[in-house]
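Spelled out from the first residue to the last, the chains are:
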Amino acid sequence: TQTGSYNITSFTMNLPITLKVGTNEIALLSVTVGWQIGLKGEQQSLYSDAGTNAVQWDSGINPPNQTALMWYKTEFNAPKGNNAVALDLSTMSKGQAWVNGHHIGRYFPSFTAPTDGCSDSCDYRGTYSPANCATSCGKASQEWYHLPRSWLHPTNNVLVLLEEIGGDSSGISFRTRHVDTICGHVSQDSPTMNLIYEKSEGIKDYPHLDLQCSSGQHISSITFASFGTPQGSCGKFYRGSCHETMSSDIIETLCLDQEECSIPVSEDIFGKQCADPVKSLAVEAVCSY
């Protein structure tokens, strides 16, 4: 067997053969092997203005769902106001999305976190472990995708999806996010409602820093967190000479995606990397819908 190459398709084959007396038959099998990278829709740029208008789209109230390698197109008006806009693709599986020719990126909500390891209770006392207070088990790492307002027109915006596995396009929706900022700064020596030490049980009752969003909102990000000697005020916090490096990680684990959370202000939670006698905890968080 002999074949040509990508650059040189023709070739000459010289091999010894055995012939018999009389008539001999020679069989030649010629095979051309080729491949094409990408999909026809990508080559036609179906996500661009020109590509979208160059093909005939099938229209209908109930488009086909759970179908692999399916292109979807729809038009929409921009949500009113100036709040941030997000595209909810939680009902889709895996693919890419474009709006007005701009590539939003790849989506993959069908790839989810393990279903085990989460619990309703959370206790950070003792040795820190990344597995402590795990949340969002069985959920996708991302379901909402940001649409910059600068990409949108007041009307007739075009959304194009390439679904690779098969999803439910009827569940796609747009959301707006209203953002508020909440802050807190509590010292270790702040008074508590209960006794600092209950001799009957030997349990310490630490001061707590409480964060609470407005009804319907949840804590979407932590913009500042420091246990040690933080300085400043809400919107202008900065680290002091003492700062526990795991502060942000611990606060995010305790508070992200919660409407409210209560954080013990204690070295038992955050550690003892520096020796200041009295430490405090300062946190600034963002609440959004």
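Here goes a summary of the coordinates provided. For every chain, the first residue of its written sequence is number 1, and the numbers climb from 1 along that sequence. Per-residue local features of the predicted model are confined to residues with pLDDT of at least 70, and side-chain atom pairs are confined, for both listing and counting, to 80 or more; whole-chain, interface and lining totals are unaffected and use all residues. Side-chain figures throughout are based on the complete set of non-hydrogen atoms in the structure, without hydrogens or water.

Disulfides are defined in this document as cysteine sulfur pairs within 2.5 Å. Tallying each qualifying case throughout the model produces five disulfides. Note on cysteine connectivity: Cys213 is disulfide-linked to Cys287, with sulfurs 2.0 Å apart. Because the sign of the S-S torsion sets the handedness, a value of about -75° for the bond joining Cys213 and Cys287 places this disulfide among the left-handed ones. You can see Cys213 sitting in the loop between strand E11 (208–212) and strand E12 (218–228) and its partner Cys287 sitting in strand E14 (residues 280–288), a full 74 residues away along the chain. Accessibility expressed as a relative area gives 5% for Cys213, which makes it buried. Buried residues are those whose accessible area, probed at 1.4 Å on protein chains only, stays under 20% of the maximum for their type, while exposed residues exceed 50% and partly exposed ones sit between those limits. Residue classification places Cys287 among the buried residues on the basis of a relative accessible area of 0%. One disulfide in the model links Cys242 with Cys274; its S-S distance is 1.7 Å. Its S-S torsion of approximately 45° makes the covalent link between Cys242 and Cys274 right-handed. In this pair, Cys242 sits in the loop between E12 and helix H3 (247–255) while Cys274 sits in the loop between helix H4 (267–270) and E14, placing the two residues 32 residues apart along the sequence. Strands here mean DSSP runs of E at least two residues long; helices mean DSSP runs of H or I at least four residues long; both are numbered from the N terminus.

Next up on the list: the pattern of salt bridges. In what follows, salt bridge is the name for a side-chain nitrogen of Lys or Arg lying within 4 Å of a carboxyl oxygen of Asp or Glu. Taken as a whole, this structure holds four salt bridges when the rule is applied. Among the ionic pairs, Asp88 bridges to Arg175, the shortest N-O distance being 3.1 Å. In this pair, Asp88 is assigned in strand E2 (residues 84–88) and Arg175 in strand E7 (residues 173–177), connecting sequence segments 87 residues apart. Given a relative accessible area of 5%, Asp88 falls into the buried group. Relative accessible area serves as the criterion here: at 36%, Arg175 is assigned to the partly exposed category. Lys279 is the salt-bridge partner of Glu267, the closest N and O atoms lying 3.2 Å from each other. Pair noted here: Glu267 is in helix H4 and Lys279 is in the loop between H4 and E14, with a separation of 12 residues, a long-range link. The structure contains a network of salt bridges with shared partners spanning Glu244, Glu267 and Lys279.

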